[in-house]
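# Per-entry structural report
Letter by letter, the chains look like this.
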Amino acid sequence: MVRRSDLLLACLLIPAMAALVAALMPVNDGLYHFAVYDDPQTPDELRERWATTWSYRYTSGVLCGHFVSLTAGLALGCRRRWHALPAAAGLALALALVAVAVAIPAARLAAPDPPPPPVRLLVVEAVAYPLWAAVGVGIGTLLAVARRTTRLALGAAIIVATPLWWIFAYAGLAQHGVPKIPEWMLWPFPSLAAGAALSPSGLVTGDASRPPDLGGAWGYWAAVALCGSLLTYALLMYQITRRAQRRRGSPAELPDE
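As a starting point, this report considers the structure included with it. Quick caveat: nothing in here was measured; it's all calculated off a predicted structure. (Residues numbered from 1 in each chain as written. Predicted model: local features only at pLDDT ≥ 70, side-chain atom pairs only at ≥ 80, totals over all residues. Heavy atoms only, no water.)

### With respect to the pattern of salt bridges
This structure, assessed with the given rule, holds 2 salt bridges. One salt bridge in this structure joins R80 and D6, with 2.8 Å as the shortest N-O distance. One end of the pair, R80, is in helix 4 (residues 62-80); the other, D6, is in helix 1 (residues 4-29), and 74 residues separate them in sequence. For the pair R80 and D6, one class covers both residues: buried. Two residues, R57 and D29, come together in a salt bridge whose shortest N-O distance is 2.5 Å. Separated by 28 residues along the polypeptide, R57 in helix 3 (residues 43-58) and D29 in helix 1 bring together distant segments of the chain. The partly exposed category is assigned to D29, whose relative accessible area is 30%. (Salt bridge = Lys/Arg side-chain N within 4 Å of Asp/Glu carboxyl O. Helix = DSSP H or I, 4+ residues; strand = E, 2+ residues; numbered from the N terminus. Buried < 20%, exposed > 50% of the residue type's maximum accessible area, 1.4 Å probe, protein only.)

Written out as structure tokens, the structure reads:
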């Protein structure tokens, strides 16, 4: 059963997602100079800038969409606990489709002679949307069933973790050439993995005709870490909330109204 509140949330977030993708397109045009390298001169460096910039254009707003999916899942989970999972995942998937549908034509209009879209990269980043929503539902459910002291501590942790989420996402985007962070760090920090999956997509391949896309051992490992860590976190949150509700004797799931 689709609730009116779910439709209202979708009507608010879907246009906002489209507007966010379009608004961030100019930011992505200059992101290579700001986050990666500000003085490309050799042919290889210019090729890397070209390919990486197109990757950033085609994925404009994607990482922001991850965060929106997480917070939407959290809000729905606080109200309806795990029964909100289908609605949260469906909304997140709609956000992913809107982000891709807006980013591709907007990117192709941003500059002449665009390369083909990075299909594998877009698929991986889109799959992460409902997984982020599932993690958000788990956090919201834990807030709903936990004791007051635990709820306060978790709220404080969320406040601290929010800027860290963005810091790690930016750190992932800034990786290029030989990665400066160990691969194991991609698993505990999925926002880092989401950015790191993007960063090697424009690296020089030796073939100037090859378009940017998910590739290289680092890129594939980041993609696996992104989806695998989110699925692990969602399952872990489910187990934690089930134990919490058994201790309190309150249901972790609420029947649909």
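### What about the packing of aromatic side chains?
All told, the structure shown has 9 aromatic pairs when counted by the stated rule. On the basis of an interplanar angle of 50 degrees and a centroid distance of 5.2 Å, the ring pair of F67 and W166 is categorised as tilted. Note that F67 is positioned in helix 4 and W166 in helix 7 (residues 148-173), a separation of 99 residues in sequence. Ring plane angle 65 degrees and centroid distance 6.0 Å describe the contact between W187 and W221, whose orientation is recorded as edge-to-face. Of this pair, W187 sits in the loop between helix 7 and helix 8 (190-198) while W221 sits in helix 9 (residues 216-248), and the two are 34 residues apart along the sequence. For W221, a relative accessible area of 34% translates into the label partly exposed. Taken together, the aromatic side chains of F67, W132, W165 and W166 make up a single cluster linked through ring pairs. The side chain of R57 reaches across the aromatic face of W54, ending 4.5 Å from its centre. (Phe/Tyr/Trp six-rings, centres within 6.5 Å; stacked < 30°, edge-to-face > 60°. Lys NZ or Arg CZ within 6 Å of the ring centre and 35° of its normal.)

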